[in-house]
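Here are the chains, one letter per residue:
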Amino acid sequence: MANNKFLTVLLAGVMSLTAVGVQAADSSVMFKIHDIKPVKNSDNLVESCEFSTTFYNNSRVTVSNVSLDLVWKDTVVEGTIAEEKKEATTFRGRRVDNTPSYRRGAGTDAFTTVELSAPISLPPLAPGKQITVKNSVKSDRCFLMLENVEINIKSCRTTGSDPALGADGAQIGVSTSVSENCNGLFKYYSPKDPEFYTDFKPISYDEEAQQERAKVNRDKEEVEDMHEKALSAVRRAGEVVESIAK
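Following the sequence through the fold, Glu115 ends up in strand S6 (residues 115–122). Given the relative accessible area of 39%, Glu115 is considered partly exposed. Sequence spacing of Glu115 and Thr75 is 40 residues, and the spatial spacing of their C-alpha atoms is 9.0 Å. Leave out the neighbours within four places in its chain, and Glu115 touches Val71, Trp72, Lys73 and Arg141.

Below is the structure:
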C-alpha cells in the first residue's frame, strides 16, 4: 500500500514537471541558425558569411515589429586583447609597455573586433507559424556562428495574451522600443539540442505561404470553373426553352 502511494506521488511529480516543461516550451519563439556558407572573393579569401535563421513561434502571442541583433563573441580574440592590455599596464605609477605596436594603436583590438554582429528584422509572426530569413555579415570568421549566440532585442511588439508568461507577461497591444514582454521570449537552439532537429517544421514560412497561395489559386480556379459550367447550363436551358416556344 505504501509503495502504491509512493509511486502515485512520484508519478504526479513527474507529470507536473513535464507539464511545466511543455508550458515553458510553448511560451517561446524558438530559433536556430543553419546553412552557414563562407563566401570567397577573387583571391579565394573568405570575405563574408551567408546564413539562414529559422524562427518558430511556439508561444500564444503574435510578435511583430521585431528588430534584433544576433551577436557572437570570439573568446580567442577577447583573450588576446586582454593579454595585450595586461602587458601594457602600469607598475608603481610608471607605465610598463612591452608591446610598442599596441601603444601605437595597432593592437589586436585596432583591427579585429571581439564581437560578430548580424542585424535581423522579422515580419509579424503568429502562433504556430515559422519563417526562415537569410542574411549575411562581412567577416572571415564564419566558424563563430557554430557557437552559442546572444540576442539583443532593439524593438519588439507582442499582441495577444499568454498565461504561461505570467500576469505581467504579454498583454494585448503592448509596444515599446524594447518590449519587456519580449525579454526571454526568444530561445536559441544549437545543433547540440534535439529540438534543433525535431521541433521545427520541415518547411519554411515562405514555402508554407507559397503552398497556401497555390491552394487558394486552385480553389479559385475550381470555383470559376463551376461558375462557368453553371452559366453554360443556364444558357443551354434558355436555348431549349426558346426553341420550344418557337
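Moving on to the sheet that holds strand S7 (residues 130–137). Pairing within the open sheet is mixed, and its four strands lie in the order S7-S2-S1-S10. For this open sheet the edge positions go to S7 and strand S10 (186–188), each flanked by a neighbour on one side alone. Each adjacent strand pair in this sheet contributes to an overall mean axis angle of 30°, direction not counted. Where strand S1 (residues 29–40) meets S10, three bridges bridge the pair, whose relative direction is parallel. Paired with Val29 across the strands is Phe186, a residue of S10.

Below, the discussion takes up the nonpolar core. In this structure, Phe51, Phe55, Leu70, Trp72, Ile120, Leu122 and Phe186 are the most contacted members of the largest nonpolar core, which totals 30 residues. Within the residue set of this core, elements represented by two or more residues are S1, strand S2 (46–57), strand S3 (61–73), S6, S7, strand S8 (150–160) and S10. With six residues, the single largest contributor to this core is S3. Those residues in contact with Phe186 that sit more than four places away from it in its chain are Val29, Phe31, Phe55, Val66, Leu68, Leu122, Ile151, Ile153 and Cys156.

So, on to the state of the cysteines. Taken as a whole and assessed by the stated rule, the structure comprises two disulfides. The partner cysteine of Cys156 in its disulfide is Cys182, sulfur to sulfur 1.8 Å. The chirality of the disulfide connecting Cys156 with Cys182 is left-handed, given an S-S dihedral of about -65°. One end of the pair, Cys156, is in strand S8; the other, Cys182, is in the loop between strand S9 (174–176) and S10, and 26 residues separate them in sequence. Owing to a relative accessible area of 0%, Cys156 belongs among the buried residues under this scheme. Once the disulfide-bonded cysteines of the protein are ranked by sequence position, their pairing pattern turns out to be 1-2, 3-4.

Scanning all chains against the criterion turns up six aromatic pairs. Between Phe55 and Phe186 the ring centres are 6.3 Å apart and the planes differ by 90°, which places this aromatic pair in the edge-to-face class. Remark: Phe186 occurs in strand S10 and Phe55 occurs in strand S2; sequence separation between them is 131 residues. Exposure remark for Phe55: the relative accessible area of 0% places this residue in the buried category. An angle of 80° between the planes, with centres 6.5 Å apart, marks the rings of Tyr189 and Phe200 as edge-to-face. Taken together, the residues Tyr189 in the loop between S10 and helix H5 (195–198) and Phe200 in the loop between H5 and helix H6 (205–245) connect sequence positions 11 residues apart. Both residues of the pair, Tyr189 and Phe200, count as buried. The structure contains a cluster of three or more aromatic residues connected by ring pairs, namely Phe31, Phe55, Phe186 and Tyr188. Note that Lys32 overlies the ring of Phe196, its terminal NZ or CZ placed 4.7 Å from the centroid.

Turning our attention to the pattern of salt bridges. In the structure shown here, the tally under the stated rule is two salt bridges. Across the pair Lys154 and Asp69 runs a salt bridge whose closest N-O atoms are separated by 3.5 Å. Within this pair, whereas Lys154 is found in strand S8, its partner Asp69 is found in strand S3, the two being separated by 85 residues in sequence. The exposure class of Asp69 is buried, given its relative accessible area of 16%. Arg141 is the partner of Asp74 in a salt bridge, and the nearest nitrogen-oxygen pair spans 3.0 Å. Here Asp74, found in the loop between S3 and helix H2 (75–87), pairs with Arg141, found in the loop between S7 and S8; they are 67 residues apart in sequence, far enough to count as distant. Among the residues examined, Asp74 registers a relative accessible area of 5% and is labelled buried. The exposure class assigned to Arg141 is buried, which follows from its relative accessible area of 10%.

Here we come to the side chain of Asn57. Tracing the backbone shows Asn57 in strand S2. Classification of Asn57 as buried rests on a relative accessible area of 0%. A polar atom in the side chain of Asn57 sits 2.6 Å from the side chain of Ser59. Of the polar contacts made by the side chain of Asn57, one reaches the backbone oxygen of Ala126; its length is 3.4 Å. Residues in contact with Asn57, not counting those within four places in the same chain, are Ser28, Val29, Thr62, Val63, Leu125, Ala126, Pro127, Gly128 and Lys129.

Reading the values: rules and limits
Residue numbers here run from 1 along each chain, matching the order of that chain's written sequence. A pLDDT threshold of at least 70 governs which residues receive local features in this predicted model, and a stricter bar of 80 or more applies before side-chain atom pairs are shown or counted, although totals over entire chains, interfaces and linings include all residues. Just so you know, side-chain values use all the structure's heavy atoms and leave hydrogens and water out. Helix and strand labels come from DSSP, where a helix needs a run of H or I of at least four residues and a strand needs a run of E of at least two; each type is numbered from the N terminus. When a residue's accessible area, from a 1.4 Å probe over protein chains only, is under 20% of the maximum for its type it is buried; when over 50% it is exposed; and in between it is partly exposed. Whether two residues are in contact is decided by their heavy atoms, any of which lying within 4.5 Å being enough. When DSSP finds two or more bridges between a pair of strands, those strands are recorded as paired. For helices, the fitted axis covers only the stretch in contact; all axes are lines through C-alpha atoms, and the angles between them, taken along N-to-C directions, range from 0 to 180 degrees. For the purposes of this section, nonpolar cores are sets of buried Ala, Val, Leu, Ile, Met, Phe, Trp, Tyr and Cys residues that join through side-chain atoms within 4.5 Å. Note on disulfides: each one is a pair of cysteine sulfur atoms within 2.5 Å. Each pair of aromatic rings taken from Phe, Tyr and Trp, with Trp reduced to its six-membered ring, is defined by centres within 6.5 Å and is described as stacked if the planes are under 30 degrees apart, edge-to-face if over 60, and tilted in the remaining cases. We call a charge positioned over a ring when the NZ of a Lys or the CZ of an Arg lies within 6 Å of the ring centre and within 35 degrees of the ring normal. Basic side-chain nitrogens of Lys or Arg form a salt bridge, by our definition, when they fall within 4 Å of a carboxyl oxygen of Asp or Glu. N or O atoms closer than or at 3.5 Å make up a polar contact, with two conditions inside protein: a donor-capable atom paired with an acceptor-capable one, and, for residues adjacent in sequence, both atoms drawn from side chains.

Take it as geometry only, folks, not as evidence of what the structure does.
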